[in-house]
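Reading the structure
Below, each chain spelled out in residue letters.
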Amino acid sequence: MITLTSDFGTPYPAAMKGVVLQRTDAKLVDVGHDFPRHDVRTAAFWLRETLPYFPPATHLVVVDPGVGTDRDALVVRAGEHTLVGPDNGVLLPVARRLAGEDDFEPRDDIESGNGLETFLIDEQRLEPVEPTTGTAPVVPAGSADRGPASTTFHGRDVFAPAAAAVHEGDPDRLESLAVLEPTDDFVDLALPEATVDEDGCAVGEVLVVDDFGNVITNVPGSYLESRDQIIANDDRLPVGDTFADVPTGDRLATVGSHGYVELDVNQGRGDEAFDLEVGDRVDLESAPATD
Amino acid sequence: MITLTSDFGTPYPAAMKGVVLQRTDAKLVDVGHDFPRHDVRTAAFWLRETLPYFPPATHLVVVDPGVGTDRDALVVRAGEHTLVGPDNGVLLPVARRLAGEDDFEPRDDIESGNGLETFLIDEQRLEPVEPTTGTAPVVPAGSADRGPASTTFHGRDVFAPAAAAVHEGDPDRLESLAVLEPTDDFVDLALPEATVDEDGCAVGEVLVVDDFGNVITNVPGSYLESRDQIIANDDRLPVGDTFADVPTGDRLATVGSHGYVELDVNQGRGDEAFDLEVGDRVDLESAPATD
Amino acid sequence: MITLTSDFGTPYPAAMKGVVLQRTDAKLVDVGHDFPRHDVRTAAFWLRETLPYFPPATHLVVVDPGVGTDRDALVVRAGEHTLVGPDNGVLLPVARRLAGEDDFEPRDDIESGNGLETFLIDEQRLEPVEPTTGTAPVVPAGSADRGPASTTFHGRDVFAPAAAAVHEGDPDRLESLAVLEPTDDFVDLALPEATVDEDGCAVGEVLVVDDFGNVITNVPGSYLESRDQIIANDDRLPVGDTFADVPTGDRLATVGSHGYVELDVNQGRGDEAFDLEVGDRVDLESAPATD
């Protein structure tokens with residue numbers, strides 16, 4: 001099984017799928033292709049929250065604002081899963097989750113044997129991408145030392161063939177693939193952590209806003225335990241077990257399905273009601289009794 | 001085969017697919033995940049018009065504004081198909097269609113033997129959803145009597161595992177599945193019917209607006225037979241066999257692919273031209289000859 | 001394998017998939033269903049740039065502003081691929097690419113033996129589309145001489161069953177299928193070509209704008225060779241190998257993954273920065289040295 005994740009919209013993912021299916025008969029499953037463009041952190045969050053629910057698979061990820069530059073192409077083996085994508089950090093949060101390492105680990109702890117292995121893709125050794133029949137478009141080669149890939153569509157020309165090669169290979173012996181070379185030099189990325197002080201004040205930020213408009217913060221859901229109300233950025237809010245604990249259109253704080261505090265509106269958009277977007281600071285504090 | 005329908009956008013459907021694929025190798029087919037949010041009736045319409053074209057399958061449906069409340073989780077066997085989703089009525093119009101019951105039937109007619117069977121999902125008996133490797137996020141259990149599901153993502157934690165269990169079971173003996181218990185107590189939903197009086201006046205409403213902007217009413221298409229023009233909400237319109245029977249940008253009434261009267265614009269948006277949205281009243285009457 | 005392309009949005013593609021899956025167990029792959037509505041030329045461009053990367057397959061294409069009129073339904077065998085769609089030209093640019101014919105060929109050159117074969121679909125001989133169980137909606141037959149298809153949804157009623165029939169047949173002997181009859185009478189379509197004069201001035205137009213906002217012109221990428229800057233519609237621009245050759249938010253000209261000159265913004269929208277849309281004229285000329 002190969003999953004596909006990108007910020008490509010339509011129809012670039014289909015070109016990637018064609019290339020993959022030229023080389024393997026794997027089942028393909030879309031994680032999504034309308035992630036916010038060029039937003040590595042948001043994609044990293046959603047991958048971390050989504051891929052662990054899949055059975056062991058190869059995961060092709062292309063959110064790649066640095067396409068065509070000298071950023072490397074990376075493969076990460078994490079537990080029984082294998083991740084393929086640009087070396088910009090997007091693969092690392094989910095890789096640690098898949099390997100059972102929840103906390104940020106300095107990169108020198110990542111080595112063979114503890115569940116995480118990292119490889120560079122040698123683009124020159126990839127079998128070049130070509131149409132099955134007919135004439136290829138004339139695309140410019142990136143540069144002499146990087147093989148025949150285009151400079152602007154490595155999803156099709158680098159990551160899709162690499163994912164197919166990895167999928168066809170032995171997941172336990174990725175080092176035997178000619179297109180991979182082990183590395184411990186890669187770009188890491190950690191999602192920001194919230195702080196909770198002894199007075200019960202939490203300082204966090206908005207990690208992502210989901211398609212419903214739910215504002216997902218990085219404050220652990222445990223913050224809401226045994227609270228009926230909180231103050232979020234100076235607004236008093238009820239704490240609910242689920243959206244429908246408040247009337248339609250009302251605001252609430254709840255613990256989302258990822259385990260974080262969310263600021264939501266029942267059947268409405270929390271981002272609009274709270275005027276919050278990704279990266280905005282969120283202060284939570286205990287609500288004093290009102291009577 | 002398992003089809004998937006939701007109002008989830010991206011990437012929550014992928015988490016559902018991962019859970020399903022942990023438990024079964026079924027072919028997955030998306031019906032769509034950008035249905036209007038929290039809109040049970042619109043989803044019910046599209047399911048009724050779409051699922052009957054599939055071969056016998058399990059259909060996973062999550063349009064669920066009551067997630068996390070005490071609404072039940074339902075399985076309906078209808079003809080050779082099996083439907084899995086929240087007990088909010090969304091499954092019933094398509095279930096009746098699949099069972100060959102076109103008209104609204106009072107619920108005490110729904111019993112084993114006439115093509116429709118209904119079951120409650122016992123959430124406590126579902127195998128809990130867990131990541132395949134690594135560490136699960138810490139999600140709050142709903143409540144002691146409902147098992148380990150999160151309170152806000154039953155698509156992942158309840159309906160996906162239930163759909164996998166149903167798909168792996170014997171569709172003719174669903175009652176043998178430990179996670180299901182027969183019930184005749186469920187929320188029903190009927191789409192509104194139009195009335196046509198003896199003077200040829202039809203009073204209906206807008207059932208849905210499709211992605212082209214075509215305004216699909218609940219007036220049966222037979223209303224347009226042997227009419228060349230009609231009056232729709234006081235506007236005179238030509239009746240066409242298809243969009244291109246009028247010039248590009250012009251309005252017309254036609255019979256849509258679902259068999260209802262549609263108010264359309266050739267290569268344009270009927271909803272904007274007619275200023276109509278879901279639920280708006282539509283009055284149709286015969287157009288007097290103009291000369 | 002059957003790929004699917006349309007301008008249908010949600011959920012009409014699912015009805016097509018259901019019909020196909022009633023008749024064949026083929027792997028289904030979406031090219032996309034949110035192509036610009038009624039825009040035959042844009043779909044033709046994306047098909048030409050995408051389908052050649054697939055292994056030999058049947059490609060179901062429905063961008064069909066003339067649905068329900070007397071336009072024909074077409075099958076084109078091109079190399080090892082087979083295309084199914086409306087006779088409005090949408091299939092021809094990719095068909096020529098798949099057959100290795102890059103330039104526009106007058107249609108009397110298209111005959112059996114040179115890699116392209118064209119067939120009309122005999123709609124009366126298609127097995128009628130019906131729900132698997134239950135009751136069909138009452139849809140109006142188009143007209144007596146065209147079989148039982150609806151007038152507004154030939155994707156479901158004509159092209160899906162035709163694609164299934166073609167996929168189940170022998171791709172090298174399509175003429176043996178009862179539903180096909182050879183023809184050399186069809187609507188052709190050629191994408192416009194740019195002109196480059198001896199002074200190094202190129203006159204082209206915007207072919208498409210992709211989902212990133214990149215403005216893809218029809219000027220061959222070779223125009224940018226050995227140029228560091230160009231004048232595009234009176235604006236001086238740097239020529240880059242890739243987006244990130246200029247700072248985030250800056251404009252550039254580059255060669256896209258299709259081999260054409262693109263006018264782009266690094267991590268931004270070129271269409272907005274250049275105020276260009278599909279069909280707009282683009283003049284490129286050499287940039288005089290600035291010092």
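Starting afresh in each chain, residues are numbered from 1 along the sequence in its written order. Both sets of labels track the order of writing: A upward for chains, 1 upward for ligands. Since the coordinates come from a predicted model, pLDDT governs what is reported: local features require at least 70, and pairs of side-chain atoms require 80 or more to be given and counted, while whole-chain, interface and lining totals use all residues. Hydrogen atoms and water are omitted, and side-chain values are computed over all heavy atoms in the structure.

**Description of the nonpolar core**
Formed by 69 residues in total, the largest nonpolar core has its most connected members in L60(A), I121(A), L180(A) and L83(C). Helix and strand definitions here come from DSSP, where helices need a minimum of 4 consecutive H or I residues and strands a minimum of 2 consecutive E residues; each element is numbered from the N-terminal end. Looking at which element gives the most residues to this core, the answer is helix α1 (residues 12–23) of chain A, with seven residues. Only heavy atoms matter for contacts: two residues are in contact if any of them lie within 4.5 Å across the pair. Those residues in contact with L83(C) that lie beyond four places of it in its chain are L51(C), H59(C), L74(C), V75(C), V76(C), A78(C), L91(C), V94(C), A95(C) and L98(C). Within this scheme, the nonpolar core is defined by two criteria: the residues are buried Ala, Val, Leu, Ile, Met, Phe, Trp, Tyr or Cys, and they are joined through side-chain atoms within 4.5 Å. Whether a residue is buried, partly exposed or exposed follows from its accessible area with a 1.4 Å probe, protein chains only, as a fraction of its type maximum: under 20%, in between, or over 50%, in that order.

**Considering the confidence of the model for chain A**
In low-pLDDT regions, the fine details of the predicted coordinates are not to be read closely. Residues and elements named next belong to chain A. What pLDDT conveys is the predictor's confidence in a given residue, as a value from 0 to 100. The predicted model of chain A averages 90 in pLDDT, with 89% of residues at 70 or higher. Segment residues 103–113: pLDDT under 50, and 17 contacts once partners within four positions in sequence are set aside and those in other chains are kept. Segment residues 138–146: pLDDT under 50, and 26 contacts once partners within four positions in sequence are set aside and those in other chains are kept. The complex prediction reports pTM at 0.93, with the ipTM value standing at 0.92.

**Some points on the domain arrangement of chain A**
Residues and elements named next belong to chain A. Segmenting chain A into domains produces domain 1 (2–182) and domain 2 (195–286). On the side of domain 2, 10 residues touch domain 1, which itself brings six residues to the contact. Here's the idea: put two parts together, see how much 1.4 Å probe accessible area each one loses, and the total over both is what we call buried area. A buried area of about 680 Å², summed over both sides, lies between domain 1 and domain 2, and 58% of it is on carbon and sulfur atoms. Area buried by domain 1 at its contact with domain 2 is led by R41, F45 and W46, which between them contribute 66% of it. Each reported salt bridge corresponds to a side-chain nitrogen of Lys or Arg within 4 Å of a carboxyl oxygen of Asp or Glu. Joining domain 1 to domain 2, the criterion identifies one salt bridge. Between R41 and E205 there is a salt bridge, with its nearest N and O atoms 3.0 Å apart. Split into classes, the residues belonging to the side of domain 1 that touches domain 2 amount to two nonpolar, one polar and three charged. Domain start and stop positions are those given by an automatic or database domain assignment. Gly is placed with the polar residues, together with every amino acid not listed as nonpolar (Ala, Val, Leu, Ile, Met, Phe, Trp, Tyr, Cys and Pro) or charged (Asp, Glu, Lys and Arg).

**Regarding the sheet that holds strand β7 (residues 180–182) of chain C**
Residue and element names in this part refer to chain C. Ordered in space as β2-β1-β3-β5-β4-β6-β7, the seven strands form an open sheet in which the pairing is mixed. Whereas interior strands pair on both sides, the edge strands pair on one side only; in this sheet they are β2 (28–32) and β7. Between one strand axis and the next, the sheet turns by 25° as a mean value, whatever way the strands run. Axes, fitted as lines to C-alpha atoms, cover a helix only where it is in contact. Angles between the N-to-C directions of the axes lie from 0 to 180 degrees. Across the sheet, helix α4 (residues 154–168) touches β1 (2–6), β3 (58–62), β4 (73–78), β5 (81–86), β6 (116–121) and β7, and the angle it forms with β3 is around 170°. We treat two strands as partners when DSSP finds at least two bridges between them.

**Comments concerning the relation of the copies chain A and chain B**
In this structure, two copies of a chain are linked by a rotation about an axis accompanied by a shift along it. Only residues with pLDDT of at least 70 in both copies contribute their C-alpha atoms to the least-squares superposition of the copies. Least-squares fitting of chain A to chain B yields an RMSD of 0.0 Å, with the transformation described by 0.0 Å of translation along the axis and a rotation of 120°. Taken together, the rotation and translation relating the two chain copies correspond to the operation of a three-fold axis. In terms of proximity to the rotation axis, the leading residue of chain A is K27(A), whose C-alpha is 5.2 Å off the axis. When you check the interface residues of chain A against chain B, a mere 3% turn up at the interface there too, and the two sides of the contact use different surfaces.

**Observations regarding a negative patch on the surface**
All names here are of chain A. Every patch collects residues that have over 30% relative accessible area and no salt bridge, joining them within 9 Å if they carry like charges and within 5 Å if they are nonpolar side chains (Val, Leu, Ile, Met, Phe, Trp, Tyr). In short, Shrake-Rupley with a 1.4 Å probe defines the accessible areas, and a residue's cover is counted only from the protein chains shown. Working convention for charge: Lys and Arg count positive, Asp and Glu count negative, and His plus the chain ends are omitted. Think of each charge as sitting on NZ of Lys, CZ of Arg, CG of Asp or CD of Glu. On the surface, a cluster of negative charge is made up of D70, D72, E181, D184 and D185. Note on placement: D72 falls in the loop between β3 (58–62) and β4 (73–78). For D72, a relative accessible area of 31% puts it in the partly exposed group.

**Brief notes about the packing of helix α1 (residues 12–23) of chain C against α4(C)**
Residue and element names in this part refer to chain C. For the pair α1 and α4, the least separation of the axes is 9 Å and the interaxial angle reads 35°. The interaxial crossing formed by α1 with α4 has right-handed handedness. Between α1, through A15, M16, V19, V20 and R23, and α4, the contact on the second element is made entirely by G155, R156, A160, P161, A164 and E168. Among the residues forming the contact of α1 with α4, the class breakdown is seven nonpolar, one polar and three charged. Handedness of each helix crossing follows the sense of rotation of the near helix against the far helix: counterclockwise by less than a right angle gives left-handed, clockwise gives right-handed.

**Thoughts on α1(A)**
All names here are of chain A. The span one expects for a helix is its residue count, reduced by one, times 1.5 Å. With 12 residues, α1 extends 18 Å from end C-alpha to end C-alpha; this agrees with the ideal 16 Å at 1.5 Å per step. Burial runs high along α1: 10 of the 12 residues are buried. Taken together, the buried positions of α1 are Y12, P13, A14, A15, M16, K17, G18, V19, V20 and L21.

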